[in-house]
Amino acid sequence: MKKTVGFIGWRGMVGSVLLKRMLEENDFDKFNFIFFSTSQVGVKNPSLNKEISKGFLKDAYNLDELRELDIIITCQGSFYTNKIYSLLRFSGWMGYWIDAASDLRMKKSSLIVLDPINYKNIKKSLENGVKTFIGGNCTVSLMMLALGGLFRNDLIEWISFSTYQAASGGGSGYIMDLLKQISFLNKYLSKNLNLSTSILKIEKKITKITKNKNFPQRSSLAPLILNLIPWIDSKMQNGQSREEWKMEKETNKILSRKKSQEIKIDGTCVRVGSLRCHSQSFLIKLKKNIDLKSIEEVISHDNEWVSVVPNEKYESLHRLTPLSVSGTLKIPIGRLRKSSIGDKYLSAFSIGDQLLWGAAEPLRRVLRFLL
(Lines give C-alpha, C1' and ligand atoms only; values in the text may rest on other atoms or scores of the structure.)
Protein backbone atom coordinates (compact mmCIF):
# COMPACT_ATOMS: atom_id res chain seq x y z
CA MET A 1 0.00 0.00 0.00
CA LYS A 2 1.39 3.40 -0.98
CA LYS A 3 2.20 5.89 1.77
CA THR A 4 0.69 9.38 1.71
CA VAL A 5 3.11 12.32 1.67
CA GLY A 6 2.15 15.90 2.46
CA PHE A 7 4.09 18.77 0.87
CA ILE A 8 4.34 22.14 2.60
CA GLY A 9 6.39 25.15 1.45
CA TRP A 10 6.76 23.85 -2.10
CA ARG A 11 6.49 27.28 -3.78
CA GLY A 12 9.74 28.75 -2.42
CA MET A 13 13.20 28.28 -3.91
CA VAL A 14 14.11 25.07 -2.07
CA GLY A 15 10.62 23.63 -2.46
CA SER A 16 10.56 24.40 -6.18
CA VAL A 17 13.95 22.78 -6.73
CA LEU A 18 12.81 19.77 -4.70
CA LEU A 19 9.69 19.25 -6.85
CA LYS A 20 11.71 19.63 -10.05
CA ARG A 21 14.16 16.95 -8.93
CA MET A 22 11.33 14.64 -7.87
CA LEU A 23 9.69 14.98 -11.28
CA GLU A 24 13.01 14.27 -13.01
CA GLU A 25 13.45 11.09 -10.95
CA ASN A 26 9.79 9.97 -11.23
CA ASP A 27 9.46 10.02 -7.45
CA PHE A 28 5.75 10.87 -7.49
CA ASP A 29 4.95 7.42 -8.87
CA LYS A 30 5.97 5.85 -5.57
CA PHE A 31 3.45 7.46 -3.16
CA ASN A 32 0.16 9.28 -2.79
CA PHE A 33 0.57 13.03 -2.37
CA ILE A 34 -1.31 15.97 -0.92
CA PHE A 35 -0.22 19.59 -1.35
CA PHE A 36 -0.79 22.05 1.49
CA SER A 37 -0.62 25.82 1.74
CA THR A 38 -0.43 28.39 4.54
CA SER A 39 -2.02 31.13 2.41
CA GLN A 40 -3.85 29.70 -0.63
CA VAL A 41 -6.12 26.98 0.74
CA GLY A 42 -8.58 25.71 -1.88
CA VAL A 43 -6.55 26.86 -4.88
CA LYS A 44 -5.68 24.24 -7.50
CA ASN A 45 -2.55 22.14 -7.02
CA PRO A 46 0.64 23.23 -8.82
CA SER A 47 0.58 22.55 -12.56
CA LEU A 48 3.50 20.13 -12.58
CA ASN A 49 1.79 17.35 -14.54
CA LYS A 50 -1.76 16.16 -15.23
CA GLU A 51 -1.92 13.87 -12.18
CA ILE A 52 -0.64 16.42 -9.66
CA SER A 53 -2.69 19.37 -10.92
CA LYS A 54 -6.02 17.54 -10.36
CA GLY A 55 -6.33 18.29 -6.64
CA PHE A 56 -6.73 21.38 -4.47
CA LEU A 57 -4.48 22.81 -1.77
CA LYS A 58 -5.23 21.77 1.81
CA ASP A 59 -4.77 23.87 4.95
CA ALA A 60 -1.21 23.50 6.29
CA TYR A 61 -2.43 24.52 9.76
CA ASN A 62 -5.18 21.88 9.97
CA LEU A 63 -3.84 19.33 12.47
CA ASP A 64 -6.63 16.84 11.72
CA GLU A 65 -5.61 16.70 8.06
CA LEU A 66 -1.91 16.60 8.88
CA ARG A 67 -2.42 13.66 11.26
CA GLU A 68 -3.67 11.55 8.34
CA LEU A 69 -0.30 11.74 6.60
CA ASP A 70 2.43 9.08 6.78
CA ILE A 71 5.15 11.59 5.89
CA ILE A 72 5.35 15.38 5.95
CA ILE A 73 8.05 17.16 4.00
CA THR A 74 8.31 20.90 4.64
CA CYS A 75 10.38 23.71 3.15
CA GLN A 76 8.13 26.35 4.72
CA GLY A 77 10.76 27.63 7.14
CA SER A 78 11.28 28.08 10.86
CA PHE A 79 8.04 29.89 11.65
CA TYR A 80 5.93 27.01 10.40
CA THR A 81 8.09 24.33 12.06
CA ASN A 82 7.96 26.10 15.43
CA LYS A 83 4.19 26.58 15.21
CA ILE A 84 3.14 23.10 14.03
CA TYR A 85 5.74 20.41 14.79
CA SER A 86 5.33 20.19 18.57
CA LEU A 87 1.54 20.47 18.38
CA LEU A 88 1.42 17.67 15.85
CA ARG A 89 3.68 15.38 17.88
CA PHE A 90 1.79 16.21 21.09
CA SER A 91 -1.45 15.21 19.37
CA GLY A 92 -0.05 11.70 18.94
CA TRP A 93 1.07 11.84 15.33
CA MET A 94 3.76 9.17 14.73
CA GLY A 95 4.57 9.86 11.09
CA TYR A 96 7.89 10.92 9.56
CA TRP A 97 8.77 14.63 9.50
CA ILE A 98 11.30 15.83 6.88
CA ASP A 99 12.33 19.48 7.21
CA ALA A 100 14.62 21.94 5.43
CA ALA A 101 14.56 24.44 8.35
CA SER A 102 17.37 24.44 10.91
CA ASP A 103 15.36 24.57 14.15
CA LEU A 104 15.24 20.81 14.81
CA ARG A 105 18.72 19.89 13.56
CA MET A 106 20.49 19.69 16.90
CA LYS A 107 17.64 18.01 18.80
CA LYS A 108 18.52 14.56 20.16
CA SER A 109 15.33 13.16 18.66
CA SER A 110 16.28 14.19 15.10
CA LEU A 111 18.89 13.16 12.56
CA ILE A 112 20.63 15.44 10.06
CA VAL A 113 20.51 13.65 6.72
CA LEU A 114 23.26 13.51 4.09
CA ASP A 115 23.15 9.92 2.90
CA PRO A 116 26.40 9.79 0.86
CA ILE A 117 28.11 10.56 4.18
CA ASN A 118 25.85 9.08 6.91
CA TYR A 119 23.78 6.39 5.19
CA LYS A 120 24.59 3.90 7.97
CA ASN A 121 23.39 6.38 10.60
CA ILE A 122 20.15 6.95 8.69
CA LYS A 123 19.52 3.22 8.48
CA LYS A 124 20.34 2.72 12.15
CA SER A 125 18.10 5.64 13.17
CA LEU A 126 15.18 4.15 11.27
CA GLU A 127 15.71 0.85 13.08
CA ASN A 128 15.78 2.74 16.38
CA GLY A 129 12.48 4.52 15.67
CA VAL A 130 13.69 8.00 14.77
CA LYS A 131 10.88 9.89 13.04
CA THR A 132 12.40 13.34 12.40
CA PHE A 133 14.90 13.91 9.60
CA ILE A 134 16.38 17.33 8.89
CA GLY A 135 18.41 18.65 5.99
CA GLY A 136 21.76 20.05 7.05
CA ASN A 137 23.16 23.54 6.67
CA CYS A 138 23.95 24.09 3.00
CA THR A 139 27.61 24.93 3.53
CA VAL A 140 28.11 21.97 5.86
CA SER A 141 26.57 19.51 3.39
CA LEU A 142 28.66 20.82 0.49
CA MET A 143 31.86 20.70 2.55
CA MET A 144 31.21 17.14 3.71
CA LEU A 145 30.52 15.87 0.20
CA ALA A 146 33.72 17.46 -1.08
CA LEU A 147 35.86 16.13 1.79
CA GLY A 148 33.89 12.93 2.32
CA GLY A 149 36.83 10.61 1.74
CA LEU A 150 38.95 12.40 4.34
CA PHE A 151 36.11 12.30 6.88
CA ARG A 152 35.36 8.63 6.19
CA ASN A 153 38.98 7.60 6.66
CA ASP A 154 39.34 9.72 9.82
CA LEU A 155 42.22 11.71 8.36
CA ILE A 156 41.22 15.20 9.55
CA GLU A 157 42.50 16.76 12.78
CA TRP A 158 41.01 20.23 12.18
CA ILE A 159 39.72 22.51 9.42
CA SER A 160 40.01 26.28 9.00
CA PHE A 161 37.63 27.60 6.33
CA SER A 162 36.49 30.68 4.48
CA THR A 163 33.15 30.50 2.66
CA TYR A 164 31.85 32.55 -0.27
CA GLN A 165 28.10 32.00 -0.09
CA ALA A 166 25.60 32.82 -2.81
CA ALA A 167 22.67 35.20 -2.58
CA SER A 168 20.26 32.24 -2.69
CA GLY A 169 21.45 31.20 0.76
CA GLY A 170 19.76 34.31 2.14
CA GLY A 171 16.47 33.49 0.42
CA SER A 172 14.65 34.89 -2.60
CA GLY A 173 14.80 38.40 -1.15
CA TYR A 174 18.59 38.42 -1.42
CA ILE A 175 18.47 37.35 -5.06
CA MET A 176 15.85 40.01 -5.79
CA ASP A 177 18.03 42.64 -4.11
CA LEU A 178 21.02 41.59 -6.21
CA LEU A 179 19.03 41.72 -9.47
CA LYS A 180 17.53 45.11 -8.58
CA GLN A 181 21.01 46.42 -7.77
CA ILE A 182 22.23 45.28 -11.20
CA SER A 183 19.29 47.08 -12.82
CA PHE A 184 19.83 50.20 -10.71
CA LEU A 185 23.48 50.50 -11.78
CA ASN A 186 22.68 49.72 -15.40
CA LYS A 187 20.62 52.90 -15.67
CA TYR A 188 23.84 54.88 -15.18
CA LEU A 189 26.21 52.59 -17.04
CA SER A 190 24.06 52.31 -20.18
CA LYS A 191 24.45 56.08 -20.68
CA ASN A 192 28.00 56.65 -19.47
CA LEU A 193 30.05 53.56 -20.32
CA ASN A 194 32.11 54.48 -23.36
CA LEU A 195 35.75 54.72 -24.32
CA SER A 196 35.94 58.48 -23.83
CA THR A 197 34.88 58.33 -20.17
CA SER A 198 37.61 58.07 -17.53
CA ILE A 199 37.36 54.71 -15.80
CA LEU A 200 38.20 56.34 -12.47
CA LYS A 201 35.30 58.75 -12.88
CA ILE A 202 32.98 55.82 -13.59
CA GLU A 203 34.28 53.96 -10.53
CA LYS A 204 33.78 57.01 -8.33
CA LYS A 205 30.23 57.55 -9.59
CA ILE A 206 29.29 53.84 -9.22
CA THR A 207 30.63 53.73 -5.67
CA LYS A 208 28.64 56.86 -4.83
CA ILE A 209 25.46 55.31 -6.30
CA THR A 210 25.82 52.16 -4.15
CA LYS A 211 25.96 54.36 -1.05
CA ASN A 212 22.78 56.19 -1.98
CA LYS A 213 19.95 55.70 0.52
CA ASN A 214 17.66 54.68 -2.36
CA PHE A 215 19.96 51.87 -3.49
CA PRO A 216 17.88 48.62 -3.30
CA GLN A 217 18.98 46.46 -0.35
CA ARG A 218 15.77 45.56 1.45
CA SER A 219 16.75 42.01 2.45
CA SER A 220 20.53 42.02 2.19
CA LEU A 221 20.92 45.14 4.40
CA ALA A 222 24.14 45.98 2.55
CA PRO A 223 24.87 46.01 -1.20
CA LEU A 224 25.74 42.60 -2.66
CA ILE A 225 26.81 43.80 -6.08
CA LEU A 226 30.46 44.97 -6.23
CA ASN A 227 30.65 44.06 -2.56
CA LEU A 228 30.58 41.26 0.01
CA ILE A 229 28.91 40.82 3.40
CA PRO A 230 31.27 39.38 6.05
CA TRP A 231 28.51 38.22 8.40
CA ILE A 232 25.77 35.58 8.01
CA ASP A 233 23.07 34.81 10.63
CA SER A 234 23.00 35.85 14.30
CA LYS A 235 25.85 36.33 16.77
CA MET A 236 26.97 33.59 19.17
CA GLN A 237 28.48 34.31 22.59
CA ASN A 238 31.99 33.34 21.45
CA GLY A 239 31.97 35.92 18.63
CA GLN A 240 31.15 33.48 15.84
CA SER A 241 28.17 34.00 13.62
CA ARG A 242 25.63 31.18 13.89
CA GLU A 243 26.52 30.12 10.34
CA GLU A 244 30.13 29.62 11.42
CA TRP A 245 29.04 27.76 14.59
CA LYS A 246 26.99 25.31 12.48
CA MET A 247 30.05 24.18 10.54
CA GLU A 248 31.56 22.36 13.51
CA LYS A 249 28.42 21.38 15.40
CA GLU A 250 26.45 19.98 12.47
CA THR A 251 29.44 18.23 10.92
CA ASN A 252 30.15 16.31 14.10
CA LYS A 253 26.49 15.41 14.56
CA ILE A 254 26.29 14.07 11.00
CA LEU A 255 29.38 11.97 11.75
CA SER A 256 27.91 10.86 15.12
CA ARG A 257 31.10 11.97 16.87
CA LYS A 258 31.34 11.86 20.63
CA LYS A 259 32.37 15.08 22.39
CA SER A 260 35.91 13.79 22.97
CA GLN A 261 36.27 12.82 19.28
CA GLU A 262 34.92 15.99 17.65
CA ILE A 263 36.78 17.53 14.73
CA LYS A 264 37.55 21.19 15.35
CA ILE A 265 36.22 23.38 12.53
CA ASP A 266 36.20 27.18 12.46
CA GLY A 267 36.45 30.05 10.04
CA THR A 268 34.57 32.96 8.48
CA CYS A 269 31.34 32.82 6.47
CA VAL A 270 30.91 35.51 3.82
CA ARG A 271 28.00 36.38 1.50
CA VAL A 272 29.03 37.22 -2.08
CA GLY A 273 27.21 38.18 -5.27
CA SER A 274 26.94 34.79 -6.99
CA LEU A 275 23.38 33.58 -7.52
CA ARG A 276 23.14 30.01 -6.18
CA CYS A 277 26.53 28.35 -5.63
CA HIS A 278 28.51 28.32 -2.39
CA SER A 279 32.31 28.19 -2.59
CA GLN A 280 34.66 27.29 0.23
CA SER A 281 38.39 27.54 0.85
CA PHE A 282 39.95 25.10 3.33
CA LEU A 283 43.16 24.75 5.27
CA ILE A 284 43.09 21.22 6.69
CA LYS A 285 45.46 19.69 9.20
CA LEU A 286 45.70 15.97 8.52
CA LYS A 287 46.37 13.40 11.24
CA LYS A 288 49.30 12.04 9.27
CA ASN A 289 51.45 12.92 6.29
CA ILE A 290 49.88 11.54 3.10
CA ASP A 291 51.12 12.17 -0.43
CA LEU A 292 48.94 14.35 -2.64
CA LYS A 293 48.12 11.62 -5.15
CA SER A 294 46.75 9.38 -2.40
CA ILE A 295 44.69 12.28 -1.04
CA GLU A 296 43.17 12.89 -4.49
CA GLU A 297 42.26 9.20 -4.80
CA VAL A 298 40.66 9.08 -1.36
CA ILE A 299 38.56 12.16 -2.17
CA SER A 300 37.54 11.26 -5.74
CA HIS A 301 36.53 7.65 -4.90
CA ASP A 302 34.28 8.55 -1.98
CA ASN A 303 31.06 9.41 -3.82
CA GLU A 304 29.86 9.75 -7.41
CA TRP A 305 29.34 13.52 -7.31
CA VAL A 306 32.74 14.72 -6.16
CA SER A 307 35.51 15.26 -8.72
CA VAL A 308 39.07 16.44 -8.31
CA VAL A 309 39.99 19.41 -10.49
CA PRO A 310 43.71 19.55 -11.38
CA ASN A 311 45.52 22.41 -9.69
CA GLU A 312 46.04 24.28 -12.96
CA LYS A 313 44.88 27.76 -13.97
CA TYR A 314 42.77 26.75 -17.00
CA GLU A 315 41.02 23.86 -15.22
CA SER A 316 40.30 26.01 -12.17
CA LEU A 317 38.82 28.87 -14.21
CA HIS A 318 36.54 26.58 -16.20
CA ARG A 319 35.49 23.92 -13.66
CA LEU A 320 35.77 25.56 -10.25
CA THR A 321 33.44 28.56 -10.52
CA PRO A 322 29.79 29.19 -9.56
CA LEU A 323 28.72 29.54 -13.20
CA SER A 324 30.27 26.19 -14.14
CA VAL A 325 28.49 24.31 -11.35
CA SER A 326 25.13 26.11 -11.03
CA GLY A 327 22.12 23.86 -11.60
CA THR A 328 24.11 20.62 -11.33
CA LEU A 329 24.79 18.02 -8.63
CA LYS A 330 28.54 18.22 -9.25
CA ILE A 331 30.87 18.81 -6.29
CA PRO A 332 34.25 19.80 -7.76
CA ILE A 333 37.21 20.24 -5.45
CA GLY A 334 40.47 21.75 -6.61
CA ARG A 335 43.47 23.93 -5.75
CA LEU A 336 44.64 20.85 -3.85
CA ARG A 337 48.19 21.28 -2.62
CA LYS A 338 50.32 20.76 0.43
CA SER A 339 50.61 24.00 2.37
CA SER A 340 53.98 25.65 2.96
CA ILE A 341 53.14 25.47 6.68
CA GLY A 342 54.01 21.76 6.76
CA ASP A 343 53.52 18.30 5.24
CA LYS A 344 50.35 17.56 7.22
CA TYR A 345 48.59 20.72 6.02
CA LEU A 346 46.35 20.57 2.96
CA SER A 347 44.92 23.54 1.04
CA ALA A 348 41.75 23.05 -1.02
CA PHE A 349 38.86 24.89 -2.68
CA SER A 350 35.41 23.45 -3.36
CA ILE A 351 32.06 24.51 -4.73
CA GLY A 352 28.49 23.24 -5.01
CA ASP A 353 24.94 24.31 -5.81
CA GLN A 354 23.34 25.62 -2.62
CA LEU A 355 19.81 24.76 -3.73
CA LEU A 356 20.56 21.18 -4.81
CA TRP A 357 23.00 19.25 -2.58
CA GLY A 358 22.95 22.21 -0.22
CA ALA A 359 19.20 21.98 0.40
CA ALA A 360 16.70 19.99 -1.70
CA GLU A 361 18.56 16.82 -2.69
CA PRO A 362 19.16 15.39 0.81
CA LEU A 363 15.43 15.80 1.54
CA ARG A 364 14.44 14.06 -1.68
CA ARG A 365 16.76 11.16 -1.02
CA VAL A 366 15.70 10.57 2.58
CA LEU A 367 12.08 10.54 1.41
CA ARG A 368 13.03 7.73 -0.96
CA PHE A 369 14.54 5.81 1.95
CA LEU A 370 11.43 6.22 4.08
CA LEU A 371 9.26 4.95 1.25
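Along each chain, numbering runs from 1 in the same order as the chain's sequence is written. Under the rules for a predicted model, residues below a pLDDT of 70 receive no local features and side-chain atom pairs below 80 are neither given nor counted, while totals for whole chains, interfaces and linings still include all residues. In computing side-chain values, all of the structure's heavy atoms are included and hydrogens and water are not.

Visitor: Before we go on, may I ask you to explain the pairing of strand 10 (residues 277-286) in this structure?
Guide: The side chains of a regular strand alternate between the sheet's two faces. Burial here depends on accessible area, computed with a 1.4 Å probe over protein chains only, as a share of the maximum for the residue type. Under 20% is buried, over 50% is exposed, and the range in between is partly exposed. A run of H or I in DSSP counts as a helix once it spans at least four residues, and a run of E counts as a strand once it spans at least two, with each numbered from the N terminus. For strand 10, the buried fraction is high: eight of the ten residues fall into the buried class. A pair of strands is considered paired only if DSSP assigns at least 2 bridges between the two. The pairing of strand 8 (residues 156-165) with strand 10 spans eight bridges and is classified as antiparallel. For Ile156, the partnering residue across the bridge sits in strand 10 and is Leu286. The pairing of strand 10 with strand 13 (residues 345-353) spans nine bridges and is antiparallel. Looking at the pairing, Gln280 lines up with Ser350 of strand 13.

Visitor: Looking at this structure, how should I read the packing of helix 4 (residues 115-127) against helix 13 (residues 356-370)?
Guide: For any two helices packed against each other, one specifies the inter-axial angle together with the distance between the axes. Contact geometry of helix 4 with helix 13 gives a least axis separation of 12 Å together with a crossing angle of 40 degrees. Our pair here, helix 4 against helix 13, has a crossing hand that is right-handed. Side by side, helix 4 and helix 13 meet where Asp115, Pro116, Tyr119, Ile122 and Leu126 of the first sit next to Trp357, Arg365, Val366, Phe369 and Leu370 of the second. Residues are grouped as follows: Ala, Val, Leu, Ile, Met, Phe, Trp, Tyr, Cys and Pro are nonpolar; Asp, Glu, Lys and Arg are charged; every other residue, Gly included, is polar. Class assignment of the residues belonging to the contact of helix 4 with helix 13 gives a composition of eight nonpolar, no polar and two charged. Angular values range over 0 to 180 degrees, each being the angle between N-to-C directions of two axes fitted as lines to C-alpha atoms, with helices fitted over their stretch in contact. It is the rotation of the near helix from the far one that decides the hand of a crossing: anticlockwise by less than a right angle makes it left-handed, clockwise makes it right-handed. Residues are treated as being in contact if the distance between any of their heavy atoms lies within 4.5 Å.

Visitor: Would you explain the side chain of Lys253 in this entry?
Guide: The residue Lys253 is located in helix 9 (residues 242-254) in this model. Positive: Lys, Arg. Negative: Asp, Glu. His and the chain ends are not part of the count. For this document, the term salt bridge refers to a Lys or Arg side-chain nitrogen within 4 Å of an Asp or Glu carboxyl oxygen. The side chain of Lys253 sits in the buried core without any salt bridge; Glu250 is the nearest counter-charge, 9.1 Å away. Polar side-chain contacts of Lys253 include one of 2.5 Å to the backbone oxygen of Arg105. Within the local environment of Lys253, its side chain forms a polar contact with the backbone oxygen of Ser110, the two atoms lying 3.2 Å apart. In this view, Lys253 contacts Arg105, Met106, Lys107, Ser110 and Ile112; residues no more than four positions away in its chain are not counted. For this analysis, a polar contact is any N or O atom pair within 3.5 Å, provided that within protein one partner can donate a hydrogen and the other can accept it, and provided that sequence-adjacent residues contribute only side-chain to side-chain pairs.

Visitor: Please explain a nonpolar patch on the surface as it appears in this structure.
Guide: Taken together, the side chains of Leu179, Ile182 and Leu275 make up a nonpolar region of the molecular surface, amounting to roughly 260 Å² of accessible area. When you line up the elements, Ile182 lands in helix 7 (residues 172-192). Note that patches include only residues with greater than 30% relative accessible area and no salt bridge, and the join distances are 9 Å for like charges and 5 Å for nonpolar side chains (Val, Leu, Ile, Met, Phe, Trp, Tyr). Here the Shrake-Rupley method, with its probe set to 1.4 Å, supplies the accessible areas, and only the displayed protein chains count as covering residues.

Visitor: I would appreciate a short explanation of helix 1 (residues 13-24) in the present structure.
Guide: Every α-helix winds through 3.6 residues per turn, so residues three or four apart in the chain are directed the same way. The length a helix should cover is 1.5 Å for every residue beyond the first. With twelve residues, helix 1 extends 17 Å from end C-alpha to end C-alpha; this agrees with the ideal 16 Å at 1.5 Å per step. Taken together, the buried positions of helix 1 are occupied by Val14, Gly15, Val17, Leu18, Leu19, Arg21 and Met22. On its buried face, helix 1 is in contact with strand 1 (4-8), strand 2 (32-37), strand 4 (71-74) and helix 13. Positive backbone phi, at 55 degrees, marks Asn26, one or two positions downstream of helix 1.

Visitor: What's the story with the sheet that holds strand 8 in this structure? I'm lost.
Guide: The strands that make up a sheet are held in pairs by hydrogen bonds between backbone atoms, and each pair lies either parallel or antiparallel. As summarised here, the arrangement of the six strands in space is 9-8-10-13-12-11, forming an open sheet in which the pairing is mixed. The sheet is open, and its two borders are formed by strand 9 (264-271) and strand 11 (306-308), each paired with just one other strand. Going across the sheet, the axis of each strand differs from the next one's by a mean of 20 degrees, ignoring polarity. Two strands pair when backbone bridges link them, and strand 11 and strand 12 (residues 331-338) are joined in this way by three bridges, in the parallel orientation. Bridge pairing in strand 12 places Val306 opposite Ile331. Taken strand by strand, helix 5 (residues 138-146) contacts strand 8, strand 9, strand 10, strand 11, strand 12 and strand 13, and its axis lies near 55 degrees from that of strand 10. Taken strand by strand, helix 10 (residues 292-300) contacts strand 10, strand 11, strand 12 and strand 13, and its axis lies near 165 degrees from that of strand 12.

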